[in-house]
Amino acid sequence: MTRTKVVGICGSLREGSYTRQSLRVALAAAAVASGDTELLDLREWDLPVFDPDAEDAGDAAAFREQIRAADSILLGTPVYHGSFSTPLKNALDYCGFDEFENKTVGLLCVAGGSFPVTALEHLRSVGRSLDCWVIPHQAAVPRAASAFEDGRLVDEQVRERIETLGREAVQYASIEPDPQSIESCENVGADD
C-alpha cells in the first residue's frame, strides 16, 4: 500500500509563528493516519514576488515539484486584513493547474482576533479556481495567543479541529474529483 504524501505550506514568515505550530499539529495527525508529511516553510524558499515573465525565478521549479508530488496539500495562513498572507499568495501564484488540479486541499488559518473565517473563504475560492477538492472541514485558530502556551497548543477544541483536518487530508487524498468548476473555467492564467 502506498502512503499518502501530505505537504503543509506555511504562509507565515514569523519566527514563533502560530500558523507553523498549528500546521505541525495537523501534519502530526496526518502522519498518525499513515501519511508521509512535509512542512514547506516559506521562510526557507527563495520565491521572489511573482513575475509571469520569470516564472522559474529562485526556487520556483523545485517548489512546484513538491506540490505536484503531493497527494494532499494543507494551506496554513495567518489572517492579515481579513484575508490570507502575501507569502502564501505569492507561493500560490507560482503554481497552477499542473500542481493543484484534482488534489485534495485542507485549509487552516490563525488569527489574533476572533473572526478568521474570511481568510478561509478566500482560500476556498482559490482552491475552486484551481480545480482542487477542498476538504469541507476547515480549521481556524481564533485568538491564537490564548490557544498556545510556551509554544504548545493548549486549547483542546482547537487541537481537535486541527487534528481532524490532518486526518482528513489523508482520508480524502484519493477522492474522486468533481467535474471542472465554473471558477476554474474563468482562471485563464493558472495554466500559463
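Residues numbered from 1 in each chain as written. Predicted model: local features only at pLDDT ≥ 70, side-chain atom pairs only at ≥ 80, totals over all residues. Heavy atoms only, no water.

## Topic: helix 2 (residues 60-69)
Those residues of helix 2 lying buried are Ala 60, Phe 63, Arg 64 and Ile 67. Projection of helix 2 onto a plane perpendicular to its axis shows the buried side chains occupying an angular sector of 100°, all on one side. If you follow the buried residues of helix 2, they end up packed against strand 1 (4-10), strand 2 (35-41), strand 3 (72-78), helix 3 (86-93) and helix 4 (97-100). (Buried < 20%, exposed > 50% of the residue type's maximum accessible area, 1.4 Å probe, protein only. Helix = DSSP H or I, 4+ residues; strand = E, 2+ residues; numbered from the N terminus. Arc of directions from axis to C-beta. Contact = heavy atoms within 4.5 Å.)

## Structural notes on the layout of surface pockets
Taken as a whole, the second largest pocket encloses approximately 200 Å³ of empty space. Along the walls of the second largest pocket sit 13 residues, with Arg 14, Tyr 18, Pro 78, Tyr 80 and Val 110 positioned nearest its centre. Here the lining of the second largest pocket is composed, by residue class, of seven nonpolar, five polar and one charged. (1 Å grid on protein atoms, 1.4 Å probe; cavity = no way out; pocket = protein on both sides within 12 Å on 5 of 7 lines; lining within 4 Å. Points joined across faces, edges and corners; volume = space filled by probe spheres on them. Nonpolar A, V, L, I, M, F, W, Y, C, P; charged D, E, K, R; others polar.)

## So, the packing of aromatic side chains
Applying the stated criterion across every chain yields a total of four aromatic pairs. A centroid spacing of 4.8 Å and a plane angle of 20° characterise the contact between Tyr 18 and Phe 148, whose relative ring orientation is stacked. Of this pair, Tyr 18 sits in helix 1 (residues 18-32) while Phe 148 sits in strand 7 (residues 148-149), placing them 130 residues apart in sequence. Under the relative-accessibility criterion, Tyr 18 is labelled partly exposed at 28%. Here Trp 45 and Phe 63 contribute two aromatic rings whose centre-to-centre distance is 5.3 Å and whose plane-to-plane angle is 75°, an arrangement assigned as edge-to-face. Of this pair, Trp 45 sits in the loop between strand 2 and helix 2 while Phe 63 is found in helix 2, placing the two residues 18 residues apart along the sequence. Relative accessible area serves as the criterion here: at 1%, Phe 63 is assigned to the buried category. (Phe/Tyr/Trp six-rings, centres within 6.5 Å; stacked < 30°, edge-to-face > 60°.)

## Side note on the pairing of strand 3
Burial runs high along strand 3: seven of the seven residues are buried. Of the two faces of strand 3, the one lined by Ser 72, Leu 74, Gly 76 and Pro 78 and the one lined by Ile 73, Leu 75 and Thr 77 are each fully buried. Pairing of strand 3 with strand 4 (residues 104-110), which is carried by seven bridges, proceeds in the parallel orientation. The residue of strand 4 that forms the bridge with Leu 75 is Leu 107. (Pairing = 2+ DSSP bridges.)

## Focus on the packing of helix 1 against helix 7 (residues 156-171)
The description of two packed helices rests on the angle between their axes and on the distance between the axes. Between helix 1 and helix 7, the least distance of the axes is 7 Å, while the angle of their chain directions is 50°. Considering their axes alone, helix 1 and helix 7 lie oblique with respect to each other. Our pair here, helix 1 against helix 7, has a crossing hand that is right-handed. Contacts between helix 1 and helix 7 pair Ser 22, Val 25, Ala 26, Ala 29 and Ala 30 from the former with Arg 159, Ile 162, Glu 163, Gly 166, Arg 167 and Val 170 from the latter. Residue classes in the contact of helix 1 with helix 7 are distributed as six nonpolar, two polar and three charged. (Axes fitted to C-alpha atoms, helices over the stretch in contact; angles between N-to-C directions. Parallel < 35°, antiparallel > 145°, perpendicular 65-115°, else oblique. Left-handed = near helix turned anticlockwise from the far one by under 90°.)

## Overview of the nonpolar core
Residues Ile 9, Leu 47, Phe 63, Ile 67, Ile 73, Leu 75 and Phe 100 are the most contacted members of the largest nonpolar core, which totals 31 residues. Elements that contribute at least two residues to this core include exactly strand 1, helix 2, strand 3, helix 3, strand 4 and helix 5 (117-129). The residues touching Ile 9, leaving out its near neighbours within four places in the chain, are Leu 23, Leu 40, Leu 42, Phe 63, Ile 67, Ile 73, Leu 74, Leu 75, Gly 76 and Leu 88. Val 6, Leu 27, Val 141 and Ala 144 belong to the second-largest nonpolar core, a separate cluster that totals 23 residues. (Core = buried A, V, L, I, M, F, W, Y, C linked by side-chain atoms within 4.5 Å.)

## Concerning helix 1
Between its first and last C-alpha, helix 1 extends 21 Å over 15 residues, near the 21 Å set by a 1.5 Å rise per residue. Three or more residues of helix 1 are buried, namely Thr 19, Arg 20, Gln 21, Ser 22, Leu 23, Val 25, Ala 26, Leu 27, Ala 29 and Ala 30. A side-chain oxygen of the first residue of helix 1 lies 3.1 Å from the backbone nitrogen of Thr 19; this N-cap is Ser 17. One or two steps after helix 1, the chain reaches Ser 34, where phi turns positive at roughly 80°. (Expected span 1.5 Å × (residues − 1). Polar contact = N/O pair within 3.5 Å; in protein donor to acceptor, adjacent residues only side chain to side chain.)

That is the geometry; function is a separate question.
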